[in-house]
Structures are given as structure tokens and as C-alpha cells.
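Fold and contact review
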Amino acid sequence: MLFGGSSNKSNRIIILSALCLLSIFIFFIVKICRTEPVNNTYLSDSLTFNPDDSSYSINQIPVPNGVYDITIKYQSSSDVRTSVSTNWGLGRFLLSDNPTLSCNENSGEFSIWISDKCDQINISTYSDTSDYKIDSIVLSTSSISKTYQISKLAFIFIFIIIIIVIYFKRDKVSPRSFPYGLVILIAFLASIGLFNSYLINGHDLNYHLLRIEGLKEALINGSFPDKVQTNWCYGWGYAVSAMYGDMILLPSAILRLLGFPLITCYKLYIILINLGTAFSSYYAFNKISKNRLNSVLVSFLYTCAPYRLCCIYIRSAMGEYSAFLFFPLIILAFYYMFEENDTPEYGKRILLPSLGFAGLLQTHILSCIMSSIFIIIYLIVNYKKLICRKRLIYIAKIAVSSVLLSVWFLIPFLRFSREPLIVYSDSSWNYEIQWYGASISELFAQIAGPSTNFNFAYNTGLTERMPLSIGNGLVTILILFLCFRNKMNSKNTRTIKICTLLGCLSAFLCSIYFPYNKLHDLLPKLSGFISTIQFPYRFISTTVVLLSVASVLILNNLALSINKHTFHLLICIVFIIGFHQSISLLYNSIYHGSFITYYDSVNLRSNELMGYQYLYEGTDYSIPEREHEVTGNDSNIINVDNSSNSYIITCNSTGTDSFIELPLYYYPGDIAKDSDNNRLNLDRGSNNRIRVMLPEDFDGEITVKYSEPMIWHVMEMISLFTFFALIIYEIRSKKTNIKQENTPDGDDEKNLE
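Because the structure is a prediction, the values reported are computed rather than measured.

1. Some words on the nonpolar core
Y238, F539, Y667, V692 and I702 are the most contacted members of the largest nonpolar core, which has 182 residues in total. Counting residues in hydrophobic clusters, the runner-up holds 25 residues, among them I58, L94, Y132 and L139.

2. Focus on unusual backbone geometry
The peptide bond linking F224 to P225 adopts the cis configuration, its omega dihedral lying at -5°. Summarising the element assignment, P225 is placed in the loop between α4 (205–221) and α5 (240–243). In this structure, D697 takes a positive phi of about 65° despite not being glycine. Tracing the chain through its elements places D697 in the loop between β19 (689–693) and β20 (699–706).

3. Notes on the sheet that holds strand β16 (residues 659–665)
Whenever strands of a sheet pair, they do so through backbone hydrogen bonds, lying parallel or antiparallel. Overall, antiparallel pairing links the four strands, which are arranged β13-β16-β19-β18 in an open sheet. In this open sheet, the two strands that pair with only one neighbour each are β13 (631–633) and β18 (682–684). Pairwise comparison of adjacent strand axes, ignoring direction, gives a mean angle of 30° for this sheet.

4. Looking at the packing of aromatic side chains
In this structure the tally under the stated criterion is 42 aromatic pairs. Aromatic pair F27 and F28: ring centres 5.5 Å apart, planes at 75°, arrangement edge-to-face. Relative accessible area serves as the criterion here: at 53%, F27 is assigned to the exposed category. F28 gets classed as partly exposed once you look at its relative accessible area, which sits at 35%. Both rings, one in Y436 and one in F535, keep their centres 5.2 Å apart while their planes meet at 75°; by these two values the pair is edge-to-face. Separated by 99 residues along the polypeptide, Y436 in the loop between α16 (422–425) and α17 (440–443) and F535 in the loop between α21 (524–531) and α22 (540–561) bring together distant segments of the chain. When its relative accessible area of 21% is taken as the criterion, F535 is described as partly exposed. Through a chain of ring-to-ring contacts, three or more aromatic side chains come together here, namely Y207, W232, Y238, Y244 and Y614.

5. Quick notes on the pattern of salt bridges
Between side chains of opposite charge, a pair can form as their charged atoms come close. The full count for this structure, using the stated rule, is 14 salt bridges. Across the pair R689 and E627 runs a salt bridge, and its minimum N-O distance is 3.0 Å. Here R689, found in strand β19, pairs with E627, found in the loop between β12 (595–596) and β13; they are 62 residues apart in sequence, far enough to count as distant. Bridged by salt links that share partners, the residues E213, K216, R256 and D600 form one connected network.

6. Notes on the sheet that holds strand β15 (residues 646–653)
Reading across the sheet, the four strands line up as β14-β15-β20-β17 and stay open at both edges, with antiparallel pairing between neighbours. The open sheet has two edge strands, β14 (635–642) and β17 (670–674), and neither has a second partner. Direction aside, the axes of adjacent strands within the sheet are offset by 25° on average. Both β17 and β20 contribute to a ladder of five bridges, which runs antiparallel. Following the sheet pairing, K673 is matched in β20 by T703.

Reading guide: rules and limits
Residues numbered from 1 in each chain as written. Predicted model: local features only at pLDDT ≥ 70, side-chain atom pairs only at ≥ 80, totals over all residues. Heavy atoms only, no water. Core = buried A, V, L, I, M, F, W, Y, C linked by side-chain atoms within 4.5 Å. Buried < 20%, exposed > 50% of the residue type's maximum accessible area, 1.4 Å probe, protein only. Helix = DSSP H or I, 4+ residues; strand = E, 2+ residues; numbered from the N terminus. Pairing = 2+ DSSP bridges. Axes fitted to C-alpha atoms, helices over the stretch in contact; angles between N-to-C directions. Phe/Tyr/Trp six-rings, centres within 6.5 Å; stacked < 30°, edge-to-face > 60°. Salt bridge = Lys/Arg side-chain N within 4 Å of Asp/Glu carboxyl O.

Nothing here speaks to function; it is geometry throughout.
Below, the structure is given as C-alpha cells:
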């Protein structure tokens, strides 16, 4: 247990503190609930117009703290820029994106956050043409304003209570819990670049923020898990959720539902991922090494690996840096399979290994492809150990559990994979892949370069390339292994060598020296499999994983083979090297990365699809920005009602080839029904939008929406049931082990944990 006990005095202080805080909490809740909502409408004649810069403005609007929606109706042939400001001294209490409203629309809405009472809010609009006009500006209290304020207070209340409990129970903290404090410190160090008032504008940031926002809309519409997010492509939708698992984003989407700014939700996501990665790596390495000090060090080198930090702060590669959370659980699975076969618990530990494989699959498909290469090689090398009945049964249990946990994602993924999407239809070999890797200079660079850009490694100076390093702390440990290998005992030497060789192979694959183009010419099918990785430098992640496993085993052997003081000195040297390299990259990204804020989703570029992989072939992705109308052939469209993820259209047919086309991309799962609940035929129309075929002499109402097939819902129930079944099985297994340990004859069967 974390706390061995507590005195009555400490308990009384904690209870009194909690009651005082609860009273304050209730007082503020009452105050928030009694605040009168704001709903001010300013028509054109009440706005101030400045002909010098063609601006309309409203000044001196007093508002209390909260969340506010600003709706602007306008007419303009060019985009309309907005600006929301307050009096200078209170500027820090106002959070606003100041969005640019498209000339293809005639209204725009966005939210602002005010954290203190402001006596003066100024709203201004600008345009490059003088023919534009503002019809009205509405400032109103958001429907989520009170929810947001109460939720924020609740989080602060819980945080203060935890601090009070830790402080007054500090004498009761078990010494065995000290490494967990270091693990939290590791997560804090990895998150240090987030403690700014802005975000560093990473390469894929817009893409993944759109995913969070799309998941929020799915929750609002009651369509989670939704395979086609409706907020993409100017409302035409995009099948990003069918190809990317969204479950890990759920906490961020829930925070958005509670009213938190998008930037806050994304930062908290990274902090939670860093915390989870630090804990999962420490837990796995400690199980493998049985040495807490070594496990903490390697957990630091793993969590703060330069490439992982690059994925967070420079690339914003959410899938890749999140995958690091699950790699240690997969390593733990192989440890349980091959190294703990003589323990009473063998074959019973299924939950964490299954979560590792399922989590990786649902988080980043490319990481699954990369890791599968080394998993297959490892199994081939250990084929003699593999051919064992109870081991094969154990592997089958983990495999089946992992698949069942993932069927809710896998079945739709496989269904969409049958469609002629760009990601599957573009089979041409990219000969430039050879130069997407890293050079030796980059792989072992101690100090991060000044650039946050990505360029080819050919004829490009490193000052124009983002840093791509393996992690010299891990490399130093490998050097120590070479230096002291003759003094080390033979324990785990074979595993160390296998992991080191596989790590070196991975490092070779991530470099510009691997002959990708020549391999393609000799073995096109094999090279095609590897080329799905797109960028060879992605293999740095598997390099870090493999070398981390080798490192923790090397340190374990080293601790038993050399003088204690010498070992601790070497540990300090490794830590300093790793710390210096990580801090160098952190502060390179902080001081050289571009400043950007996203409080609301209004400034997100909904057509930024990162290669447009999940669109059908032949799609012109520029059309959705301009076309938002329902069109038809041999038909009359009488009325259109659109509510985010569905359309209700009143129309009639006037010919034998009648159809209507909606401003929605067609995907498997779209359905159309008439008022009698009869299904109508759908097809891919112009620009791959939804085309609804109308029966002859049709006259009535049509409902078009995205609706998952019933089998997909069944798969969701199976995955959910499997998850809870594994938890129950794990709890019962632990209780059984405890009972065995407490029996007189159970001394020889004690759990290694």
C-alpha cells in the first residue's frame, strides 16, 4: 500500500480541509448558477463603421467570466477577419482565436473564454474589400459555460485535496513507492514544453485536433463510435475514424464536451500519454529486471527519447508518440511468454499483454506493421522455445483476447479497406523514400539542430532538418556492454544480443543507407510492404523500444558484475547524457517552433487531410469549400434540413433517371430512407458524393444519414464484454495467487511480483 497508516490528528485536518474546500466549492457553484446569461444582439445600424480600414466594431461590452458564443452574419466577396480584445490589463484573461470567416459563407460562429470579469469587450471585423457588410453580431453565453466553470472548479478541488492528503500523509509513504514519484517526474520532464500559453505548431497538429473535435461532435450527436467524422472537408465528412482508432482520444473529447478549450484538451492528452508511457515502461522494465533503479533510468531514456519528443513537439505525430504507451506492454507479453514459464501464474496474465497489442493496433497501424517485422524475426530465432504446448496455448489466449478487444475497430477497418480509397489504390513506388531516412550524423547527434522542418536528407543542410536521434543514453549503455562483456555473467546474454541486433537492424532500416530502391527492383512485393511506412525514420521508434529492453538487461548484469560505486558513477553518466540530449531537443522545439493557439475549432483547416488517403480515387478535394447545396437530376428539391450527421430532404422526381446528390462524401454505412422507412439505393455521384436514386414518380421526404451496420454494433459489444471479462479474470487470478501464498504448502509457489 502507498500509505501504511494515518494518525487521528492528520485525519481530522484532512477532513476539516475537505469540508472547508467543499463549502467554498458549493459557494462558487451557487454563484455560477445565479449568474444571469448574456444575450446581446447588435444589428448593422448599432455598429461603428470605420471607412479607413473597412471595419465594423462594438466596444465596451461588460461581461462576467464564462464561455461566450459570438455569431456574425455578413455579406462579403472576400474573407472577413475578426478580432476580439479587452482592456489592456485584463488581456490575459481573454482567450479568443480571432478567426477568419470564409467568403463562401454568410455567417460564422466561434467561442471565447473569459476567466475574470471584463468591463470592456471589443469585437471588430475587417475585410480587404469595401463591399462587405455586417448584418448582425450576437454575443451570448454559451450553453456549456456553467458546465465548464463547475468542472474546472471540481478539478481544482480534487487536485488540492490530493495535495493535502499527500502532505499530511508524507510520513506514511512507503519507501517502495519512491520510484513512482520519479516516474511522475519523468512524465513532467517529457511534458515541460506544454507549460506555455500556446502550442508549438507541429506538422500534423491540425489533423489530430480535427480528430478530437470530430469525436466531440460524434458524442454530441449520439453516434459514437462514428466511423465518418462530420466536421471534416467543410461538412462533407471524412472516414478518419474508420482508419484511426479513436478510443484513446475519448478523455480529450469529453473535456471538450465539458467546455474546455481545445488547446487545453490536447495538452492534457499529451500529459496523460506521457504519464502512461512512463508508468507502463517502468512497470515492464521492473518486471523484466527486478531492479527499480535500473528500471527508472531506462524508463526515463525511453519516455524522453529524442525521437519521441520530436514526435510530440515537432511532428505532432499523435499516433506514433501514443504507440510508445503500448510497446512496453507488448515487451511484457513476450517476457511472460518466454521467461516466466516456470511460475504458477504462467498463462494467466492476459489483460496487460492483450491491452498492449490491441492498444497498438487501434492507435497506430504503421507501428503495428513496423513492430511485426521484429516480432516475426524474434519468434523465428526462438522457434525451439516456441514449440511448447502450454506456451502456444498462452500465445493463443493473448492473440484471441487482443483480437476480441479490437473487433469493434477491425471489422469496419477491413470493410473500408475493400473500397478504392487513395491509400489503397496508389501503388506506385516512391523512389524518394531512400532519402526520407536519417544519416549517421543525425542518429547520434547529441545537441538538437535549430530546425523544426522536414526535408530530404539529400542536398539538405542539417540546419534545415528536424532532429532525428536514437538516444545517446541507450547507445552509451550498449557501449558499456561491449566494454564490460567479459566481466558480466551469462544471465540473459542471449536476449541482450538478440534485442541489440534487432535494434541495430531497426536503426539500419531508419537510415538513408538501407537500399530501399534496390530492394524494390529485386523484390517489389517485399519492398512494397516496407514502403507502407512512408518515412524510414519512423523505425527510430522500434529502435528505441528494442535498445531499451537490451539496456535494462545490460544494466542488470552490470550491477552484478562491477563495483557498486563504479556502477552508480556509470548510471550518473548515462543519465546526464540522456538528460542533456532530451533537454536540448525540448528547448530547441520551444524556442524555434512556431507559436499557435486553438481555443475553438473555428480556425482548424477542415480540408487538411494529410495526403487525402481516405478519400476515393478521383476526388477533387477543393470542391467542398465552394459547394454546400443539395443538387439533383430530373428532380425538384423543395426543402432541405441538415442537422450535422443527417439530412431530411423533401423532393420529387420528374423523370426516369432521377436522383439527388448531397454535399457529403459517400462511404460504406450511408443509408437513405423514405417516409415509409423503405431504403433507397445509393451510389457514388459526382466528386464521389452521396447520390440517392429516386423511384419513378417519387414525391415525399427522404432521410439520409450515416448508420453503422448492426454487425458493427455487435462487435462493439463483444469488445466491451471482453474488456470487462479480462479485468474480472485478472482480479480472480490475483486472489487465487494470494490464497496459495497464504497456505502452508504455498511457499514454493509465491508470485514473483
